[in-house]
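# Results of the structural survey
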Amino acid sequence: MSRAPPIRPNFLLPIPVLKPFLTLPLIPFSKKSKFRFRCELKSYGNPPKWAVELDSTTIPNPRPVLMASTAALTSSASNAKKVCLFYCAETKALAERIAAESDSIELRSITWRKFDDGFPNLFISNAQGVRGQNVAFLASFSSPGVIFEQLSVIYALPKLFISSFTLVLPFFPTGTSERMEEEGDIATAFTLARILSNIPISRGGPTSLVTFDIHALQERFYFGDNILPCFESGIPLLKARLQQLPDSDNISIAFPDDGAWKRFHKQLHHFPVIICAKVREGDQRIVRIKEGDPKGRHVVIVDDLVQSGGTLVECQKVLASHGAAKISAYVTHGIFPNRSWQRFEQDKGGCPANGLTYFWITDSCPLTVKEVKNKPPFEVLSLASSIAVTLQI
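Residues numbered from 1 in each chain as written. Predicted model: local features only at pLDDT ≥ 70, side-chain atom pairs only at ≥ 80, totals over all residues. Heavy atoms only, no water.

Before going further, it helps to spend a moment on the environment of T211. Counting through the fold element by element, T211 comes out in strand 10 (residues 207-212). Leave out the neighbours within four places in its chain, and T211 touches L169, P170, F171, F172, C230, F231 and E232. Among the polar contacts listed, one links the side chain of T211 to the backbone oxygen of L169, at a separation of 2.8 Å. (Helix = DSSP H or I, 4+ residues; strand = E, 2+ residues; numbered from the N terminus. Contact = heavy atoms within 4.5 Å. Polar contact = N/O pair within 3.5 Å; in protein donor to acceptor, adjacent residues only side chain to side chain.)

With that settled, consider the side chain of E178. Note on placement: E178 falls in the loop between strand 9 (164-168) and helix 4 (188-197). Excluding residues within four positions of it along the chain, E178 makes contact with A187, A189, H215, A216, E219 and Y222.

The subject of this paragraph is the sheet that holds strand 11 (residues 227-232). By definition, the strands of a sheet pair up through backbone hydrogen bonds, in either a parallel or an antiparallel sense. Taken in spatial order, the six strands of this open sheet run 5-4-8-9-10-11, and their pairing is parallel. Each of the sheet's edge strands pairs with one partner strand only, and the pair in question is strand 5 (105-107) and strand 11. When strand polarity is set aside, the average angle formed by the axes of neighbouring strands in this sheet is 25°. As paired elements, strand 4 (residues 83-87) and strand 8 (residues 134-138) share five bridges and run parallel to each other. Within strand 8, the residue paired with C84 across the bridge is V135. On top of the sheet, helix 2 (residues 92-101) reaches strand 4, strand 5 and strand 8; it is set at about 145° to strand 5, its chief contact. (Pairing = 2+ DSSP bridges. Axes fitted to C-alpha atoms, helices over the stretch in contact; angles between N-to-C directions.)

We now examine the pairing of strand 15 (residues 298-306). Counting buried positions along strand 15 yields nine of nine residues, so the element is predominantly enclosed. Pairing between strand 12 (residues 251-255) and strand 15: four bridges, direction parallel. In the sheet register, A254 faces strand 15, and the bridge partner there is I301. Here eight bridges tie strand 15 to strand 16 (residues 326-334), and the two strands are oriented parallel to one another. The partner of H298 across the bridge, within strand 16, is K326. Each parallel crossover has a hand, and for strand 15 linked through helix 7 (residues 310-321) to strand 16 it is right-handed. (Buried < 20%, exposed > 50% of the residue type's maximum accessible area, 1.4 Å probe, protein only. Right-handed = clockwise from strand over helix to strand, strands pointing away.)

Here the amide bond leading from P376 into P377 is cis, since omega sits at 10°, within 30 degrees of zero. Among the structural elements, P377 can be located in the loop between helix 8 (366-372) and strand 18 (378-381). Positive phi, close to 45°, is recorded for D213, a residue that is not glycine. Locating D213 in the fold gives a position in the loop between strand 10 and strand 11. Of note, the phi angle at F336 is positive, near 50°, even though the residue is not glycine. Inspection of the secondary structure assignment puts F336 in the loop between strand 16 and strand 17 (359-362). Residue F336 is classed as buried on the basis of its relative accessible area, which comes to 3%.

Shown next as structure tokens:
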């Protein structure tokens with residue numbers, strides 16, 4: 001190894017204590033390499049000024065290492081998994097946000113038409129161009145009327161000789177119908193799980209299913225062996241948003257029932273917790289605080305989904321009556337049938353019983369996002385970055 005020329009920088013530090021350090025790139029030197037550094041105090045004046053001479057006798061030229069590091073980064077980027085992402089009409093905006101997160105994700109289009117009798121007339125553009133590619137489809141089962149046409153595409157894509165197939169279904173819509181209360185009840189969560197379990201196998205193996213905050217974790221056992229469910233969560237998005245609030249050190253998390261607590265408390269264990277519960281008083285079921293104290297706190301009610309919002313409103317009222325300074329809410333899936341989101345007003349100052357400071361939802365339900373966009377207290381936390389990362393698995 002050639003000897004580098006001595007480096008003799010002279011610099012003055014207007015501080016009484018010198019803490020010299022040298023920053024070099026991480027270099028995989030061999031054990032036989034030897035280095036010597038010499039720091040010599042040259043003068044000390046009044047007022048205190050240091051004059052230091054640094055002598056390096058055997059520092060190797062770092063340029064090859066820097067070039068190697070750059071090459072490694074370039075290689076890592078080039079090795080990223082390339083994904084062809086198809087989408088339905090409802091999820092176009094989310095698909096564009098996902099593609100913007102990574103250069104390795106390329107959007108592909110499908111022509112969605114209908115015959116005169118109302119049945120779907122579908123066409124996959126450049127079908128031969130996806131042979132040997134990793135393919136994903138971003139679905140939205142927002143209503144029974146759109147499920148059949150999307151299933152037709154989902155069943156067709158794996159047969160195009162693709163390398164792998166991933167179905168991204170942010171919201172599993174029949175998740176709340178996962179059990180039988182009495183003989184004759186039909187658990188439609190099981191029905192949909194079995195339909196998805198029969199997606200044809202691609203050249204790379206079973207289909208991967210990505211979904212967020214499914215209503216009950218035991219629903220994973222409804223899926224068969226020909227599909228690989230990957231259960232993600234929107235809670236990390238909420239935690240990141242809470243850290244940005246000016247009163248982030250005054251946040252408490254409230255769960256509207258024991259089910260929500262069981263579902264999310266481990267992800268939010270570092271926040272003070274309030275647990276609400278429905279109790280029966282005569283013929284009525286009333287929400288009460290079972291555990292925790294909301295007084296003076298900014299309380300965030302957390303659940304997986306909201307439909308009519310009745311339970312959430314009752315929870316809001318009881319928290320306000322117990323002294324909560326602010327009340328916000330988070331759900332991963334804002335379903336809001338019949339525009340029920342309209343019942344949630346913004347707290348414009350000191351009246352948490354009548355309004356929410358924030359109501360966070362994700363973009364798992366695209367139709368709701370369009371309705372509540374730019375309407376306080378609603379704020380949308382996008383799943384785009386989380387989906388983009390998951391597609392690299």
